[in-house]
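Fold and contact review
Chain by chain, the residues run as shown.
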Amino acid sequence: MDDYNVWKKKVEENYKRNEKFIEEFESWLLQKNLAKKTIRKHLNNASLYINDYLNCYDASTMEDGVYYVHGFLDGWFIEKCLWSSRNSLKETTASVKKFYQCMSEKGYVSENDYNELSSFIKENMDEFLEQMDSFENGTYYDMFD
């Protein structure tokens, strides 16, 4: 199999696996008695991360996603999502944290990995917001461009 077909097969496997994770996340959110609109937003944001971003380049698994959040929040989300804004960045970040909290509680990722992800986001949120501001005012610099 050539590289493209290997990648495509991994992506298809990830989509199938991720359905279960999203369903479990939905049940977890429902137990929190959140509004349906809020649940839908969290599900969409988590799906964007695990189905779109993680599969975009290397077909990474949800479990490995705890290590890739920087690239998502610091560049990909800002550049690729036309609706990105300071508010949507904060909402998406909250969704990713909640998703991995759920995955940690269910034993799919370690508590330590979840705690590191949460700490990393907290420590770097100002940087992500500065990147968003730069993008919005036209001074954003993409080091890969």
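These remarks concern the structure in this document. Given the structure is predicted, the values throughout are model-derived calculations rather than measurements. (Residues numbered from 1 in each chain as written. Predicted model: local features only at pLDDT ≥ 70, side-chain atom pairs only at ≥ 80, totals over all residues. Heavy atoms only, no water.)

Listed as buried for helix α3 (residues 69-80) are Val69, Phe72, Leu73, Asp74, Gly75, Trp76, Phe77 and Ile78. Contacts from the buried residues of α3 go to α2 (36-56), α4 (86-105) and α5 (111-137). (Buried < 20%, exposed > 50% of the residue type's maximum accessible area, 1.4 Å probe, protein only. Helix = DSSP H or I, 4+ residues; strand = E, 2+ residues; numbered from the N terminus. Contact = heavy atoms within 4.5 Å.)

At Asn33, a position not held by glycine, the phi torsion is positive, near 60 degrees. In this structure, Asn33 sits in the loop between α1 (3-31) and α2. Asn33 sits in the exposed class, given a relative accessible area of 69%. The backbone of Ala59 sits at a positive phi, close to 55 degrees, despite the residue not being glycine. Position of Ala59 among the secondary structure elements: in the loop between α2 and α3. When its relative accessible area of 5% is taken as the criterion, Ala59 is described as buried.

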